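Given next are the chains, with one letter for each unit.
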Amino acid sequence: MIEVQHLTKRYGDLTAVSNISFSVASGQILGFLGPNGSGKTTTMRIITGFLPATSGTVKVAGFDIFDDSFEVRKRIGYLPEHPPLYNDMSVAAYLRFVARIKGMPKAEIADALDRVLTRCGLAQVADRVTGHLSKGFRQRVGLAQAIIHNPPVLVLDEPTIGLDPHQIIEIRALIKELAGAHTVVLSTHILPEVAQVCEKVVIINAGRVVMEDLLTNLTQGQTLEDVFLRAIAQEEPPGGEPHRSEPSHGVEEADL
Amino acid sequence: MRNVLTIIGKELRSYFVSPVAYVVLTGFLLLGGWFFFNLLSRFSLLLTLYLQFQGGQGAEAANRLNLNDYVISPLMHNLSIVLVILVPMITMRAYAEEKKGGTYELLLTSPVRTGEIVLGKFLASFLFVCLMIGLTGIYPAILLAFGNPELGVIAAGYLGLLLLATAFVTVGLLTSSFTENQIIAAVSGLVATLLLYIIGWPADTAGNVLGPLLRYLSVTEHFAEMVKGLIDTRDLVYFASLIALALFLTQRSVESLRWR
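Residues numbered from 1 in each chain as written. Chains lettered and ligands numbered in written order. Predicted model: local features only at pLDDT ≥ 70, side-chain atom pairs only at ≥ 80, totals over all residues.

**Digging into the overall build of chain B**
The line we're drawing: Labels follow the DSSP assignment, with helices taken as runs of H or I lasting at least four residues and strands as runs of E lasting at least two, numbered in each case from the N terminus. Counts of 20 or more other C-beta atoms within 10 Å of a residue's own C-beta define buried residues, counts of 12 or fewer define exposed ones, and intermediate counts define partly exposed ones; C-beta atoms are placed from the backbone. The contact criterion used here is simple: two residues whose C-beta atoms, placed from the backbone, lie within 7 Å are in contact.
In terms of helices and strands, chain B carries 13 helices and zero strands. Of the regular secondary structure in chain B, the N- to C-terminal order runs α-α-α-α-α-α-α-α-α-α-α-α-α. When burial is assessed residue by residue, chain B has 38% of its 260 residues classed as buried. Sequence-distant contacts, at least 24 apart, represent 76% of the contacts inside chain B between residues at least 6 apart.

What follows is the structure, given as structure tokens:
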């Protein structure tokens, strides 16, 4: 569903992402891990079409993000690092606006709004102005805007940040529910979250993929913490190719 | 088209749910009313003075006084200066606030074309300045009710004022699209609109080539003609080109984020 191939992004002299490749199968939840500043957000911004890559390609649902950006954008729901809220709009008005610019037919918007308000636990704040909401609610409104138009692909940049434990459990359950019908790329720092929610894990460090594998393969007899720490501590092999226990680029498991 | 309407709706809503619209409208009408009051008092003072002259001379001079030249025309020029300052403040948030607040990411990752974003934001600000300028119509309306100014000249002047404001809107939107800082957007917008306003000043001493060019580039030059009641295609072409150019550059500026 998502294929990232040899993606590189430079900001001037700074290389944020260097020749990374990975893929996500349809209906899969991918845990996208890495230390701060490792290039997670940059990669997600490229996948969603917000930033252009310096080189390399990304295909979402078969559409190239550079040549068919418009088609890709129709199919993606995106929760950026900071929820993109208009602080002077009410929650309901904001979500209606998002549904419209995502191209939802007018007749379906009211139902979609009700559904998403319930799903994200926002019913009681529907008429509140988003600027006055607590961080947890803002995060949930951010998630609601990403899923309101029911996109096949979801890109979520740290969706559970700022939530209390109770909300985290709810949102995790929600994301788990989304699997199957949606393909999800989820970045997070919370490793247990990945262990609970994701089927596949990609770990990047300093702009390179250092690990790409199914969760079940990675955690045989060890915790994800160990795997993560070892992956980011590991010296780069002389060839420059990062360790990959799975066939490269995962083309074999790409669904078509 | 649907996307354009959605964006217009969102923009207009954000003007009116925050105090921005009300502060701007009140300020503009307050200043307009002050100009109008003072111009009208001066007019009536002159009229009484002239009529006090003995013989036909005074009456003749009083006849030459008219509302168009002594009240409406200066009023429009004064309002145009206020627009130089206010329009960049109306447009400063258009792109800068979205960039700062992260909503730019939402807009640009949605299936909306950059042209639709640019057009939507432009039309929303345009409708807002239409309202601003439309509300100042009460001043000429008062004159029409109690005096006999020439309606055609007023209409031409209003068209000029609207074109000038529209041109300023597109320039303000352009500067807003360059930055995520609203102050920078407002200041550079103000500098740009003011420069357009005064760029004709050295025209008389700038020589035969540069002089006419500077005069042509100046908004004031074209605006002044329309305030006099003259609608010339050249002036319309000037405003249309300025508006189209600024909109085009804004579209490029927004689109540039997608360039490799």
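**Some remarks on the sheet that holds strand E7 (residues 153-157) of chain A**
All names here are of chain A. So the rule is basically this: Two strands pair under a simple rule: DSSP has to find at least two bridges between them. Fitted lines through C-alpha atoms serve as axes, helices being fitted only where they are in contact, and the angles separating the N-to-C directions of these axes extend from 0 to 180 degrees.
Sheet architecture is open: six strands sit in the order E6-E7-E8-E3-E9-E10, paired in mixed fashion. Where the open sheet ends on each side, the last strands, each with one partner, are strand E6 (76-79) and strand E10 (208-214). Across the sheet, the axes of successive neighbouring strands diverge by a mean angle of 15 degrees, strand direction being ignored. Here strand E9 (residues 200-205) pairs with E10 via six bridges, running antiparallel. Across the sheet, residue Ile204 finds its bridge partner in E10, namely Val209. Together, E6 and E7 form the strand contacts of helix H5 (residues 135-147), whose direction differs from that of E6 by roughly 170 degrees.

**With respect to the environment of Ser188(B)**
Here Ser188(B) shows up in helix H10 (residues 182-198). Taking C-alpha positions, Ser188(B) is 32 Å from Ile154(B), a pair spaced 34 residues apart along the chain.

**With respect to the sheet that holds strand E1 (residues 2-11) of chain A**
Residues and elements named next belong to chain A. With respect to topology, four strands assemble into an open sheet ordered E2-E1-E4-E5, the strand pairing being antiparallel. On the outer flanks of this sheet lie strand E2 (14-24) and strand E5 (63-64), each paired with one strand and no other. Bridge analysis of E1 against strand E4 (residues 55-60) gives five bridges, and the strand direction is antiparallel. Residue pairing for E4: Glu3 is matched across the bridge by Lys59. Running at roughly 120 degrees to E1, helix H1 (residues 40-47) makes contact with E1, E2 and E4 of the sheet.

**Regarding the domain arrangement of chain A**
All names here are of chain A. We count it as follows: Throughout the structure description, domain borders are defined by an automatic or database domain assignment. Classification convention: Asp, Glu, Lys, Arg as charged; Ala, Val, Leu, Ile, Met, Phe, Trp, Tyr, Cys, Pro as nonpolar; all other residues, Gly among them, as polar.
Domain assignment breaks chain A into domain 1 (1-75 + 154-170 + 180-256) and domain 2 (83-151). Between domain 1 and domain 2, the C-alpha centre-to-centre distance is 26 Å. Across the contact, 11 residues belong to domain 1 and nine residues belong to domain 2. Of all the secondary-structure elements, those providing two or more residues to the side of domain 1 that touches domain 2 are E7 and helix H6 (165-178). Looking at side-chain class alone, the side of domain 1 that touches domain 2 contains five nonpolar, two polar and four charged residues.

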